[in-house]
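What follows is each chain in one-letter form.
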Amino acid sequence: VRQPEMLHGVWHGYSGGADIEVPELDTGVPQERLAALLAAQTRFPESFHPHPRLKRPMQARIDMSQGHPPRRIDWSAAEALAFATLLTEGVRVRLTGQDSERGTFSQRHAVLHDYVNGHTYVPLAHLAPDQAPVEIINSPLSEAGVLGFEYGYSLDCPDGLVLWEAQFGDFINAAQVIVDQFIASAERKWYRLSGLVLLLPHGFEGQGPEHSSARLERFLTIAAEDNIQVVCPSTPAQYFHVLRRQVLRRWRKPLVVMSPKSLLRHPRATSTLEELASGRFQRIIPDATVPPERLQRVLMCSGKIFYDLMQRREELQRHDIAIVRIEQLYPLAEEALATVLGEYREGTSIYWVQEEPENMGAWRYLRVRFGERIRERFPFSGIYRRSAASPATGSHSSHKLEQQELVERALVE
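Bear in mind the structure is a predicted one, so any value in this text is a computation, not a measurement.

(A) Region of interest: the packing of helix α1 (residues 31-40) against helix α3 (residues 75-87). At a minimum axis distance of 10 Å, the contact between α1 and α3 shows a crossing angle of 105°. Compared by their axis directions, α1 and α3 come out roughly perpendicular. Counting all contacts with α1, which are made through Arg-33, Leu-34, Leu-37 and Leu-38, the residues of α3 involved are Ala-77, Leu-81, Ala-84 and Thr-85. Partitioned by chemical class, the residues of the contact of α1 with α3 number 6 nonpolar, 1 polar and 1 charged.

Quick look at the structure:
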């Protein structure tokens, strides 16, 4: 088969094609280097006046770099380390979005403003004299225009990490034409590859229908022929490794990240420097806390709901329920999942648990994939909110009741 013309020039050495043909690789970074790069992002020129409110988050990062208990690595620090390690390895990083400099949830602080004279300072641009360039830019409120531009940028920058971030994942609604016409289908239609990353904050927090859902179901519906990657990482280390994997592998596919909101500061959604220093992105995370001989049921889930389930399981002291995390929904690692489930006795009930309504989220995608039994060995059913026209309720009190009922059905009934 003749190599498509687009794989020449700047695209020489890169490939698309099947996910199964691409070997995984370790994406860890030595712990000493991680600590140094994290600390470097807390230093400013003497003439720079950071806002006094930044003193606390900057000190937190210093503590993380020094390993002071109980300072573990949070989500934004893991992201900053992914960017920093790539930049000092010669990889360009470009991130745009409606509030990407500060972070929609005041978590990133990648571009600092001198509160005396308004000058800006980007710590990520001052890590090493020979580092790659970094661009972190607040974009206009035009999702289709900005995502279209960044997609085009990614076509000419296969060796960089190019990211677009929605202020809330729901805002992908206003750029759906770019996803359907280009991101999902360009490899099949025109032999054009892209490594563009979409960061889409997703999670039901009681903030209403316009601030809950990144429309995971849409991406899973258009996922075919290994055209995109859809991940929902549950820990900072997982996020760190998947960002590095996106560039360090020579395989280029768009990456859709269902990124967190409340998990940005959740006390249990943290990682150690050791977890960033070794290993790789795990597509499936098994539950090693429940002995197979005691198991009564298995809950499979992705994202924030894992922490709700884990907390309630501890309160109920249910030591007979395992919680398995599906961190990459597409391409789905069915063999890895079969290996995890192979530890359990045949006939054990498996439930997919999601925050989204029945007609949204990953449920229907997984139901079509597995049917009523997984590998003909395990009964398979779902736990979810009832089908709805709107992604989420506009009432915070109703949200809390729905969430409580959802978790109780998973762990008690």
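Moving on, there is more to tell.
(B) Representation of helix α4 (residues 143-155) in the model. The end-to-end C-alpha distance of α4, which contains 13 residues, comes to 18 Å, matching closely the 18 Å that a straight helix rising 1.5 Å per residue would cover. Considered for burial, the residues of α4 that qualify are Glu-143, Val-146, Leu-147, Glu-150, Tyr-151, Ser-154 and Leu-155. On its buried face, α4 sits against β1 (93-97), β5 (161-165), α5 (176-183), α6 (186-190) and β6 (197-201).

(C) Just the sheet that holds strand β11 (residues 321-326), in detail. Across the sheet, which stays open at both edges, the 6 strands sit in the order β9-β11-β10-β13-β15-β14 with mixed pairing between neighbours. Looking along the sheet, the strands with just one partner apiece sit at the ends: β9 (284-285) and β14 (373-374). Across 2 bridges, the pairing between β14 and strand β15 (residues 378-385) is antiparallel. Bridge assignment links Ile-374 to a residue of β15, and that residue is Phe-378. Against the sheet, helix α12 (residues 363-370) makes contact with β13 (349-357), β14 and β15, and its axis sits at roughly 165° relative to β15, the strand it touches most.

(D) Main features of the layout of surface pockets. If you add up the space inside the largest pocket, you get close to 580 Å³. Around the largest pocket sit 21 residues that line it, and Ala-60, Met-64, Arg-71, Asp-74 and Arg-265 are the ones nearest its centre. Top contributing element to the lining of the largest pocket by residue count: helix α2 (residues 55-66), with 6 residues. When grouped by side-chain class, the residues that make up the lining of the largest pocket number 8 nonpolar, 6 polar and 7 charged.

About the criteria used
- Residues numbered from 1 in each chain as written.
- Predicted model: local features only at pLDDT ≥ 70, side-chain atom pairs only at ≥ 80, totals over all residues.
- Heavy atoms only, no water.
- Axes fitted to C-alpha atoms, helices over the stretch in contact; angles between N-to-C directions.
- Helix = DSSP H or I, 4+ residues; strand = E, 2+ residues; numbered from the N terminus.
- Parallel < 35°, antiparallel > 145°, perpendicular 65-115°, else oblique.
- Contact = heavy atoms within 4.5 Å.
- Nonpolar A, V, L, I, M, F, W, Y, C, P; charged D, E, K, R; others polar.
- Expected span 1.5 Å × (residues − 1).
- Buried < 20%, exposed > 50% of the residue type's maximum accessible area, 1.4 Å probe, protein only.
- Pairing = 2+ DSSP bridges.
- 1 Å grid on protein atoms, 1.4 Å probe; cavity = no way out; pocket = protein on both sides within 12 Å on 5 of 7 lines; lining within 4 Å.
- Points joined across faces, edges and corners; volume = space filled by probe spheres on them.

Taken by themselves, the reported measurements are silent on function.
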